[in-house]
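Listed below are the residues making up each chain.
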Amino acid sequence: MQPPRRKPSSETSLPMKHVGRKSGNLSVLVVVFSILLFAVFMYNEDVKSIAEFPFSWPKSQEIQQHVEDTRYPVQDTPRKGDENSLFVNPRTELETNEQESKESRDVKIVLAMEEDDDAQEVEILPEDCDLYTGKWVFDNLTHPLYKEEECEFLTEQVTCLRNGRKDSLFQKWRWQPRDCSLPKFKAKLLLQKLRGKRLMFVGDSLNRNQWESMVCLVQSVVPPGRKSLIKAGSFNIFRIEDYNATVEFYWAPFLVESNSDDPRIHSILNRIIMPESISKHAVNWKDVDYLIFNTYIWWMNTFTMRVLRGSFDEGSTEYDEVDRPVAYGRVLRTWSKWVDDNIDPNRTMVFFSSMSPVHIKSLDWNNPDGIKCALETTPVLNMTEPMEVGTDRRLFEVAVNVTGSMKVPVDFVNITTLSEYRKDAHTAVYTIRQGKLLTPEQKSDPENFADCIHWCLPGLPDTWNEFVYTRIISRT
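Residues numbered from 1 in each chain as written. Predicted model: local features only at pLDDT ≥ 70, side-chain atom pairs only at ≥ 80, totals over all residues. Heavy atoms only, no water.

Should their charged atoms come close, side chains of opposite charge can pair. Inspection of every chain in the model, using the stated rule, returns 21 salt bridges. Asp242 is the salt-bridge partner of Arg226, the closest N and O atoms lying 2.9 Å from each other. Highlighted residues: Arg226 in the loop between α5 (205-219) and β4 (227-232) and Asp242 in the loop between β5 (235-240) and β6 (245-251), separated in sequence by 16 residues. Residue classification places Arg226 among the partly exposed residues on the basis of a relative accessible area of 36%. Here Asp242 falls in the partly exposed class, since its relative accessible area comes to 38%. The partner of Arg393 in a salt bridge is Glu420, with the nearest N and O atoms 2.9 Å apart. Of this pair, Arg393 sits in helix α8 (residues 393-404) while Glu420 sits in helix α9 (residues 416-420), placing them 27 residues apart in sequence. (Salt bridge = Lys/Arg side-chain N within 4 Å of Asp/Glu carboxyl O. Helix = DSSP H or I, 4+ residues; strand = E, 2+ residues; numbered from the N terminus. Buried < 20%, exposed > 50% of the residue type's maximum accessible area, 1.4 Å probe, protein only.)

For the structure on display, the rule yields four disulfides. Residue pairing for Cys129: its cysteine sulfur links by disulfide to Cys180, the two sulfurs lying 1.7 Å apart. Taking the torsion about the S-S bond as the criterion, the Cys129 to Cys180 disulfide, at about -50 degrees, is left-handed. With Cys129 in the loop between α3 (93-119) and β1 (134-138) and Cys180 in the loop between β2 (173-177) and α4 (187-194), this residue pair connects regions lying 51 residues apart in the sequence. Pair check on accessibility: Cys129 and Cys180 agree, each one buried. (Disulfide = S-S within 2.5 Å.)

Here four strands make up an open sheet; going across it, the order is β7-β8-β10-β11 and the pairing mixed. Each end of this open sheet is capped by a strand with a single partner; those strands are β7 (257-258) and β11 (319-323). The pairing of strand β10 (residues 304-308) with β11 spans five bridges and is antiparallel. When the bridges of β11 are listed, Val307 appears paired with Asp320. In the packing of helix α7 (residues 324-342) onto the sheet, the strands contacted are β8 (272-274), β10 and β11, and the crossing angle to β11 comes to about 105 degrees. (Pairing = 2+ DSSP bridges. Contact = heavy atoms within 4.5 Å. Axes fitted to C-alpha atoms, helices over the stretch in contact; angles between N-to-C directions.)

With that settled, the discussion passes to helix α12 (residues 460-474). The terminal C-alpha atoms of α12, which comprises 15 residues, lie 22 Å apart, in line with the 21 Å expected from a rise of 1.5 Å per residue. Across the 15 residues of α12, 13 count as buried, placing the element largely inside the fold. (Expected span 1.5 Å × (residues − 1).)

Strand order across the open sheet formed by seven strands is β4-β5-β6-β3-β9-β12-β13, with mixed pairing between neighbours. Looking at the sheet topology across the chains shown, the edges are occupied by β4 and β13 (410-413). Put simply, the sheet's adjacent strands are angled 15 degrees from each other on average, direction ignored. Of the strands in this sheet, β3 (198-203), β4, β5, β6, β9 (290-293) and β12 (349-353) touch α5, which is tilted by about 165 degrees from β6. Against the sheet, α7 touches β9, β12 and β13, its axis set at about 170 degrees to β12.

Tallied over the full model, the rule gives three cavities of 30 Å³ or more. Taken as a whole, the largest cavity encloses approximately 80 Å³ of empty space. In this structure, the largest cavity is lined by 14 residues; those nearest its centre are His143, Gln171, Trp173, Gly459 and Asp462. Here the lining of the largest cavity gets four residues from one element, more than from any other, and that element is α12. Partitioning the lining of the largest cavity into residue classes produces six nonpolar, four polar and four charged. (1 Å grid on protein atoms, 1.4 Å probe; cavity = no way out; pocket = protein on both sides within 12 Å on 5 of 7 lines; lining within 4 Å. Points joined across faces, edges and corners; volume = space filled by probe spheres on them. Nonpolar A, V, L, I, M, F, W, Y, C, P; charged D, E, K, R; others polar.)

Moving on, we come to the layout of surface pockets. Taken as a whole, the largest pocket encloses approximately 1,500 Å³ of empty space. Along the wall of the largest pocket there are 46 residues; nearest its centre are Gln157, Ser205, His266, Ser267 and His454. Looking at the lining of the largest pocket, the elements that each hand over two or more residues are α5, β5, β6, β15 (432-433), α11 (446-449) and β17 (451-455). Across the lining of the largest pocket, the residue classes tally to 20 nonpolar, 17 polar and nine charged.

Bringing the pairing of β6 into the picture now. Counting buried positions along β6 yields seven of seven residues, so the element is predominantly enclosed. Sheet topology places β3 next to β6; six bridges connect them, and they run parallel. Among the inter-strand pairings, Gly203 is bridged to a residue of β6, identified as Trp251. With six bridges connecting them, β5 and β6 associate as antiparallel partners. Along β6, the bridge assignment pairs Arg239 with Thr246. Turn length for the β5-β6 hairpin, with the two strands adjacent in sequence and antiparallel, is four residues, and the turn residue Asn244 shows positive phi of about 50 degrees.

Let us now look at the environment of Pro386. As for its position among the elements, Pro386 is in the loop between β12 and α8. Judged by relative accessible area, which is 61%, Pro386 ranks as exposed. Each C-alpha atom of the pair Pro386 and Tyr421 lies 8.9 Å from the other, and the pair is 35 residues apart in sequence.

All right, on to unusual backbone geometry then. Following His143, the chain continues into Pro144 via a peptide bond in cis, with omega recorded as 5 degrees. Along the polypeptide, Pro144 turns up in the loop between β1 and β2. A cis geometry characterises the amide bond from Leu457 onward to Pro458, with omega recorded as -5 degrees. Secondary-structure assignment places Pro458 in the loop between β17 and α12.

So this is what it looks like as structure tokens:
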């Protein structure tokens, strides 16, 4: 069937064949022109885009990294020296700055959280692990736990290297318990435990020795300007601002009242105590979260102790001579009664440190050529035989019995035996006498001037603090 023919319009007088060729050419021109316009437009857009991208094209792995950064913008850890080089598509300068600013904030938050998470990793030791039975192991990789020159709060009494000591091996011995290992000391973790709290050492100059050690252990992670030390009366207070925490020392060499209670003028040979009077000191121990007590070295200059009849406030001067262990027992029972009556064990942890030994006679460790502790550079490593260096074990037994019978749990820090093997760690002649460094003449006379009571820092007291640290972080 033929389709109906279209009748020619009266307006088309020119031959149809000619008109059709011209119209077709025009259509082709329109299409070509449109394509050219589109190509020019796209070319301009590509030039604009190229101008906005970096001069070097990212490699395929960089493109993939950009995709991952876009999906998880704060997971990438900046490369060293290139902390701000995050890959972004800089459409506008404003968008770029805002994005980098946001990502920088987020990175800091994530890193801080990662640091906190790391600090919160707590190594809990088995309950049956005896921390105090073990051996000394030379370890120059992890010890000392800090450097003498990096702790601005050390006093001249303990800075042995600065004071002229040539050997530093005494700093590099690590205590290794027999059945377990001490957890790594993490200052940030301890500060987390101390947030908003007080830790206080109470006692004599050996506890002050340990307090200085603890200050150095924690201060290394505290920014400059966010820590301070104040000495006022019987108190030395180290404050960590960002944690609202303090590490304190309180001078009370006998724990109870005595004629040696002045923190600066106490070189008294005829020492007198009031063994049942503790309240004047103890009022300063309330509301403390961690208390570490000791009393020993001030008992050792006489075989008996003078016990005052009456009180210092009344001007009493008469006293009784009491055997050292008997007087020591009276003092510790007074102390234990105060702890039981005043300490809430749900809030406060109580520690009692045993006797810090002295090394006066080199024959005690079979060194006939020695002069006290002055020439010693290594510990006694044969620990199969007990050391006999003059420690009054009667007082040790009193402390064990009293602390073990108390209502409030007391952690007995048994530093005595392991410290008896450390003849090498004393300040010896690299210290002060009456507030002044020993002169060269005095250093050359260790028989009269060597201090074989106190300890260099870094050194042995850091180990004592590792014991305290272990107990604190283990408490849930």
